[in-house]
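An overview of the molecular structure
Here are the chains, one letter per residue:
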Amino acid sequence: MSQEYENMEEREKSIGPWMMIWIKFKRNKLSLVGLCIFSLIILAIALGPIFSSHTRDFMNYKIANTPPTSSNWLGTDSLGRDYLTRLLHGGRISIQVGFLATSISVFIGIIIGGTAGFYGGKIDSFLMRGTEIFSSFPFLPFAITLSAIFGGRVSPAMRMYIIMSIIGVLGWTGLARMIRGQILSLREQEFMLAAKAIGISNRKQIFKHLIPNTFAYIIVNATLSIAGAILTESGLSFLGLGVVEPVPTWGNMIQAAQNPYILSYRPWLWIPPGLAIFLTVMSINLVGDGLRDAIDPKSDN
């Protein structure tokens, strides 16, 4: 048994930690399915509009509210716009909001968590008490309030950036705590004692030695946060407080389901964006679960 364990350790050292994570990730079949689904969605929204014969905002009132046909695969909306083309463009906006909002929250979480974990003492206490106060605000009502205050003052095209900023600024607290906990355990290890002994600056110790050792956990957190950001944007847009027309997102496209007549007689206006949100969030969560299991040293995968 000990010989097998030693062979496993030697194998991990020879192929590297990231390759080992990939090998363990591939063993999770559901996560691979999620990765394939998400990859197909990304390809569709990236390449679909390029090959479409329709433009995003072209209106033809003569074919308004037409069910799916050979020329309009998902039908048209109330203004005669091709729904498939708008769905693909809407996917670009929704996923872009998810990625950029997560990037903002990861950046803030790294700064707050890294600083608190490295310095400790009063700085740690001050930053973590502030984090706890910030996280005590209910996320969705706070996001709705901020969106209503700031979103109405900008153009529809710029509103996307307001929404992603709100989601990003409100979503960093959990990551900051995680990074702080990791750094608290890392800063007393031998490589950090050596870094202090040779006089490396505090900034380099944090961002060149400590933070890179938490990248695996940051990636898992960020992956799951993207799904949450997409759902939040969809919810805000569904309520009319997110990205608004004429800029399409899956959230404001599914807003059509608020009309009972459309809900009953025009399913092509709300089922495709709802299904797109479901498949995207599900696939991201599957990938995140697979990464978490692959990175966890206690996992048997």
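Report on the accompanying structure. All chains use their own residue numbering, which begins from 1 and follows the written sequence. Per-residue local features are limited, in this predicted model, to residues with pLDDT of at least 70; the limit for side-chain atom pairs, both in listing and counting, is 80 or more; totals at the level of whole chains, interfaces and linings are taken over all residues. Side-chain numbers here rest on the full set of heavy atoms in the structure, without hydrogens or water.

Strands are runs of DSSP state E lasting at least 2 residues, helices are runs of H or I lasting at least 4, and numbering of each runs from the N terminus. Helix and strand counts for the protein chain come out as 14 helices and zero strands. From first element to last, N terminus to C terminus, the protein chain shows the α and β order α-α-α-α-α-α-α-α-α-α-α-α-α-α. For the protein chain, the spread of C-alpha atoms along the principal axes amounts to about 75 × 50 × 30 Å. Buried, partly exposed and exposed residues are distinguished by accessible area as a fraction of the type maximum, computed with a 1.4 Å probe on protein chains only: under 20%, between the cut-offs, and over 50%, respectively. Counting only residues that meet the buried cut, the protein chain has 42% of its 301 residues in that class. Contacts are assigned to residue pairs that have any heavy atoms within 4.5 Å of one another. At a minimum sequence separation of 6, the contacts of the protein chain that also span at least 24 residues come to 69%. Exposure was quantified through the Shrake-Rupley algorithm and a 1.4 Å probe, taking into account, for residues, occlusion by the shown protein chains and nothing else. Carbon and sulfur atoms form 66% of the exposed surface of the protein chain, whose accessible area is close to 16000 Å². Positive: Lys, Arg. Negative: Asp, Glu. His and the chain ends are not part of the count. Where a charge lies is defined by one atom per residue type: Lys uses NZ, Arg uses CZ, Asp uses CG and Glu uses CD. Charge-centre separation for the protein chain: the mean point of 25 positive side chains lies 9 Å from the mean point of 18 negative side chains.

Time to look at the nonpolar core. The nonpolar side chains of soluble globular proteins are, as a tendency, buried together. Ranked by internal contacts, the top residues of the largest apolar core, which has 20 residues, are I95, I230, W250, L269 and I284. Taken together, the elements giving at least two residues each to this core come down to α3 (29-51), α4 (83-119), α11 (215-238), α12 (250-253) and α14 (271-295). In plain words, nonpolar cores are sets of buried Ala, Val, Leu, Ile, Met, Phe, Trp, Tyr and Cys residues tied together by side-chain atoms within 4.5 Å. Counting residues in each nonpolar core, the second largest holds 13 residues, with V106, I110, L210 and I218 among its members.

Attention shifts here to the pattern of salt bridges. Salt bridges are counted wherever a side-chain nitrogen of Lys or Arg sits within 4 Å of a carboxyl oxygen of Asp or Glu. Here the structure, examined in full by the defined rule, presents nine salt bridges. Salt-bridge contacts for R86 lead to D57; the nearest nitrogen and oxygen are separated by 3.0 Å. With R86 in helix α4 and D57 in the loop between α3 and α4, this residue pair connects regions lying 29 residues apart in the sequence. Residue classification places D57 among the partly exposed positions, given a relative accessible area of 33%. A salt bridge links R180 to D124; the nearest nitrogen and oxygen atoms lie 2.6 Å apart. Of this pair, R180 sits in helix α8 (residues 173-186) while D124 sits in helix α5 (residues 121-135); the two residues are 56 residues apart in sequence, bridging distant segments of the chain. With relative accessibility at 24%, the residue R180 sits in the partly exposed group. Three or more residues joined by partner-sharing salt bridges are found here, namely R56, D57, D77, R81, R86 and E245.

On to unusual backbone geometry, then. The peptide bond linking E245 to P246 adopts the cis configuration, its omega dihedral lying at 10°. For P246, the position within the fold is in the loop between α11 and α12. Positive phi, normally seen in glycine, also occurs at N65, with a value near 60°. Assessed through its relative accessible area of 22%, N65 is described here as partly exposed.

Interaxial distance between helix α6 (residues 139-151) and helix α7 (residues 156-170) falls to 10 Å at its minimum, and their mutual angle equals 150°. Where α6 crosses over α7, the two elements pack in a sense that is right-handed. Residues F139, F142, A143, L146, S147, F150 and G151 of α6 form the contact with α7, whose own contacting residues are R159, I162, I163, I166, I167 and L170. Fitted lines through C-alpha atoms give the axes, limited to the stretch in contact for helices. The angle between two N-to-C directions lies from 0 to 180 degrees. For a crossing to be left-handed, the near helix must be turned anticlockwise from the far one by less than a right angle; the clockwise case is right-handed.

With that out of the way, let us pick up the side chain of R266. Position of R266 among the secondary structure elements: in the loop between α13 (260-265) and α14. Between N or O atoms, a polar contact is any pair within 3.5 Å; within protein, one atom must be a potential hydrogen donor and the other a potential acceptor, and residues adjacent in sequence are included only when both atoms are from side chains. Among the polar contacts made by the side chain of R266, one reaches the side chain of N65 at a distance of 3.3 Å.

Time to look at α5. A helix is expected to reach a length of 1.5 Å times the quantity of its residues less one. Taking 1.5 Å as the rise per residue, α5 with 15 residues should run 21 Å; its terminal C-alpha atoms sit 21 Å apart, in good agreement. Within α5, the full set of buried residues consists of D124, L127, M128 and T131. Across the axial projection of α5, the buried residues extend over an arc of 95°, all falling on one side. α5 presents K122, F126 and I133 as exposed residues on the side facing more than 90 degrees away from its buried surface. The inward-facing, buried residues of α5 contact α4 and α8. Read the arc as the range of directions from the helix axis to the C-beta atoms.

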